[in-house]
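# Chains, contacts and geometry: an overview
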Amino acid sequence: MQPITNTATRYGWATILLHWLIGIIFIGQFALGFIMVRLTSQRTAFELIQLHKSLGFLLLGLIILRIAWRIGNATPPLPPSVGTLERRTAPLAHLALYAFQVALPLSGWALVSVSTLEIPTMPFNLFVMPNLPLAESDAAESFWATAHWYLAYLGIALVALHIAAALRHHFLLHDSVLTRMITPSSEGE
């Protein structure tokens, strides 16, 4: 049986599943956000916005779970082939990814909370999500819309950098950085 928790050399199934699920939803949210604001059909746009909000709340919950899991589980050290500079910058890059993945859904929640349209948010049509205790105004809505937009593009840039680094490790450095996030198996170590 493969480990659920992290080991000294690999990530466990819980970390791996959270990593890939969050990554897929995060990239999907970016694509969905990009598409929904460019649609001419208001009905379709509205439905996609509701889906975007639902996935945003799911993403926020998963990210909080991922951070808690990371705090409670040791992170396997980088392989010896990783240089000093990268050893110092990798934790900062991961911290930035976590920060953006928390800030982005929170900025979206703030955006819908300050909207003067007062459209309720119902994640997956299950319940009404309460708004954050922020004052409604056009100025606040404009601020949070801009913040959400910038955070989305900065977040996707960080994700692209993260993917490029993983591919570099796999194809150029031929180390286990990527493979240990694919399966907890210790084969080939």
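Scroll up for the structure.
I will try to describe carefully the structure that is included in this document. Please read these numbers as outputs of a predicted model, since none were measured by experiment.

### Regarding the packing of aromatic side chains
Counted under the stated rule, the structure contains 5 aromatic pairs. Aromatic pair F57 and W109: ring centres 5.1 Å apart, planes at 80°, arrangement edge-to-face. In this pair, F57 is assigned in helix α2 (residues 42-72) and W109 in helix α3 (residues 84-114), connecting sequence segments 52 residues apart. Ring geometry for F143 and W144: centres 5.0 Å apart, planes at 80°, overall edge-to-face. A cation over an aromatic ring shows up here: R38 above the ring of F34, its NZ or CZ 3.6 Å from the ring centre.

### Here we look at the side chain of R66
Along the polypeptide, R66 turns up in helix α2. Although R66 is buried, it forms no salt bridge, and the closest oppositely charged side chain is E86 at an N-O distance of 15 Å. Side chain to side chain, R66 and Y98 meet in a polar contact 3.2 Å long.

### Some details on unusual backbone geometry
Look at F124: it is not a glycine, yet its phi comes out positive at around 50°. On the secondary structure map, F124 appears in the loop between α3 and α4 (138-173). At N125, a position not held by glycine, the phi torsion is positive, near 55°. Following the sequence through the fold, N125 ends up in the loop between α3 and α4. Overall, N125 belongs to the exposed group, its relative accessible area being 65%.

### A short note on α3
The first and last C-alpha atoms of α3 sit 45 Å apart over 31 residues, in line with the 45 Å expected at 1.5 Å per residue. The largest bend along α3 measures about 25° and falls at A90, with the proline P91 one to four residues further on.

Reading the values: rules and limits
Residues numbered from 1 in each chain as written. Predicted model: local features only at pLDDT ≥ 70, side-chain atom pairs only at ≥ 80, totals over all residues. Heavy atoms only, no water. Phe/Tyr/Trp six-rings, centres within 6.5 Å; stacked < 30°, edge-to-face > 60°. Helix = DSSP H or I, 4+ residues; strand = E, 2+ residues; numbered from the N terminus. Lys NZ or Arg CZ within 6 Å of the ring centre and 35° of its normal. Buried < 20%, exposed > 50% of the residue type's maximum accessible area, 1.4 Å probe, protein only. Lys, Arg positive; Asp, Glu negative; His and termini not counted. Salt bridge = Lys/Arg side-chain N within 4 Å of Asp/Glu carboxyl O. Polar contact = N/O pair within 3.5 Å; in protein donor to acceptor, adjacent residues only side chain to side chain. Expected span 1.5 Å × (residues − 1). Bend = angle between axes of the 7 residues up to and from the residue.

Interpretation note: all reported values are geometric properties and have no functional meaning in isolation.
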